[in-house]
Amino acid sequence: MEEKDEGSSRRAEVSPQPKANSAAQSPSSSRTLLYPQPYADSYDSRKYFVTRPGAFEQAMEDLKVHLAANKGEAAHSFWLLTEIDHWNIEKERIVVITNAALLVCKYDFIMLKCLELQRIPLSYIEKISMGPFTFPEKSLDSDMPYTTFMEHPVKNGCPRLSPICQVSAFRAQLVHAVQNAQETAPAPGRMPSLALVSEPIRIQTYTGMVAFFGNQNKLGYCLARGSIGF
């Protein structure tokens, strides 16, 4: 397991709306994208390995053991979300809120193993935005100090996991955790401050068919992709 500690100024962004594909969006205009809820089929959600009995529970246990062994922190809540990177690519993630950090875990639900763990100190989070996704008029290839989440595709198809896929509930707990961390253990040289904003969330970079193909085929998720017969 690789753990990365991100200690620079950061902002977390969350969107309750499923994201439309960039290949279908004209780059000539910047528009707010609204989208229907396409993930209400419970049978369709079963192809995601996270819905298999015991899979998410095992992930939680693995992360609790890691926290106890390495940081001595206690996990307050676990969330199943989708991270959107700066290349407009969706990635399945387990997000953990502790008393001191926001953990973003890349977990293999097939082999039941944590592959990568990013640690963001709560006291360094300066801004939390919530709103629908938008695309810019042109691509901006840059390294932005923020993390963007949206609801996982199984939210409407798996009642057991639906509560931990809700970004509105996640945001509420994250806000409380950040404010508490800034009061009790502020970052060196910083005044406790957290901006809460409702605004469109801009995806910075177009990747054309790369992001379109990857997101359409859910390559960022652990899921069954059919069988081959002879």
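Note that residues are indexed from 1 along each chain, following the sequence as it is written. Whole-chain, interface and lining totals are the exception, using all residues; otherwise, since this is a predicted model, local features are given only for residues with pLDDT of at least 70 and side-chain atom pairs are given and counted only at 80 or more. The basis for every side-chain value is the complete set of non-hydrogen atoms in the structure, without hydrogens or water.

Let's talk about the overall build of the protein chain
Numbered from the N terminus, helices here are DSSP runs of H or I no shorter than four residues, and strands are runs of E no shorter than two. For the protein chain, the helix and strand inventory stands at 4 helices and 11 strands. In the protein chain, which comprises 230 residues, the share counted as buried stands at 47%. Only heavy atoms matter for contacts: two residues are in contact if any of them lie within 4.5 Å across the pair. Long-range pairs, those at least 24 residues apart, make up 74% of the contacts in the protein chain between residues at least 6 apart in sequence. Where accessible areas are quoted, they stem from the Shrake-Rupley method and a 1.4 Å probe; at the residue level, only the protein chains shown are allowed to cover. A total accessible area of about 11,300 Å² is found for the protein chain, and carbon and sulfur atoms account for 53% of it. Each residue gets one of three labels from its accessible area relative to the maximum for its type: buried under 20%, exposed over 50%, partly exposed in between, using a 1.4 Å probe on protein chains only.

Topic: the pattern of salt bridges
Every case where a carboxyl oxygen of Asp or Glu lies within 4 Å of a side-chain nitrogen of Lys or Arg is listed as a salt bridge. Evaluated as defined, the whole model comprises 10 salt bridges. Residue Glu57 is joined to Arg160 by a salt bridge in which the shortest nitrogen-to-oxygen separation is 3.7 Å. With Glu57 in helix α2 (residues 55-70) and Arg160 in the loop between β9 (146-151) and α3 (167-184), this residue pair connects regions lying 103 residues apart in the sequence. The salt bridge involving Arg190 is made with Glu126; its shortest N-O contact spans 2.9 Å. With a gap of 64 residues between them, Arg190 in the loop between α3 and β10 (195-198) and Glu126 in strand β7 (residues 125-130) connect regions that are remote in the sequence. Note on Glu126: relative accessible area 40%, which makes it partly exposed.

What about the side chain of His152?
Along the polypeptide, His152 turns up in the loop between β9 and α3. On the basis of relative accessibility, which here comes to 2%, the residue His152 falls in the buried class.

Considerations on the environment of Ser129
Mapped onto the elements, Ser129 comes out in strand β7. The residues touching Ser129, leaving out its near neighbours within four places in the chain, are Ala12, Glu13, Val14, Val197, Glu199 and Ile201. In the analysis that follows, any N or O atom pair within 3.5 Å is treated as a polar contact, provided that within protein one partner can donate a hydrogen and the other can accept it, and provided that, for residues neighboring in sequence, both atoms belong to side chains. Side chain to side chain, Ser129 and Glu199 meet in a polar contact 3.0 Å long.

Focus: α2
Residue pairs spaced three or four apart in an α-helix point in one direction, given the helix's 3.6 residues per turn. The length a helix should cover is 1.5 Å for every residue beyond the first. Under the 1.5 Å per step criterion, the end-to-end length of α2 is 23 Å for 16 residues, consistent within 8% with the ideal 22 Å. Taken together, the buried positions of α2 are occupied by Ala55, Phe56, Ala59, Leu63, His66 and Leu67. Looking straight down α2, one finds that the buried residues subtend no more than 105° of arc, so they occupy a single side. Looking at α2, the residues exposed on the side facing more than 90 degrees away from the buried face are Val65, Ala68 and Ala69. One or two residues past the end of α2 sits Gly72, with phi positive at roughly 70°. The directions from the helix axis to the C-beta atoms form the arc being described.

Details of the pairing of strand β6 (residues 113-121)
Sheet analysis places strand β5 (residues 101-108) next to β6, joined by 8 bridges and oriented antiparallel. From the neighbouring strand, Tyr107 faces β6, where its bridge partner is Cys114. Strand pairing requires that DSSP identify at least two bridges connecting the strands. The hairpin turn running from β5 into β6, its antiparallel successor, is 4 residues long, and Leu112 in that turn takes a positive phi close to 55°.

A look at the packing of aromatic side chains
Here a pair means two rings of Phe, Tyr or Trp (six-membered ring of Trp) with centres within 6.5 Å. Their orientation is stacked below 30 degrees between planes, edge-to-face above 60, and tilted elsewhere. Under the definition given, this model contains 4 aromatic pairs. With a centroid separation of 5.7 Å and 85° between ring planes, the pair formed by Tyr48 and Tyr221 is classed as edge-to-face. Linking Tyr48 in the loop between α1 (42-45) and α2 with Tyr221 in the segment after α4 (209-216), this pair joins segments that are 173 residues apart in sequence. Look at Tyr221 and you get buried, because its relative accessible area is 4%. Residues Tyr107 and Phe109 carry aromatic rings whose centres are separated by 5.0 Å and whose planes lie at 55° to one another, so their mutual orientation is tilted. A relative accessible area of 4% places Phe109 in the buried class. Taken together, Trp79, Phe149 and Phe170 form an aromatic cluster joined through their ring pairs.

Examining the nonpolar core
Here, nonpolar core refers to any group of buried Ala, Val, Leu, Ile, Met, Phe, Trp, Tyr and Cys residues whose side-chain atoms link them within 4.5 Å. Membership of the largest hydrophobic core comes to 55 residues, with the highest contact counts inside it found for Phe56, Ile94, Leu102, Phe109, Phe170 and Leu174. Ignoring any residue separated from it by four or fewer positions in sequence, one finds Leu102 in contact with Val95, Val96, Ile97, Gln118, Arg119, Ile120, Leu122, Phe149, Phe170 and Leu174.

Quick notes on the pairing of β9
Within β9, 6 of the 6 residues are buried, which leaves the element mostly enclosed by the surrounding structure. As paired strands, strand β3 (residues 75-84) and β9 are joined by 4 bridges and run antiparallel to one another. Paired with Ile84 across the two strands is Thr148, which belongs to β9.

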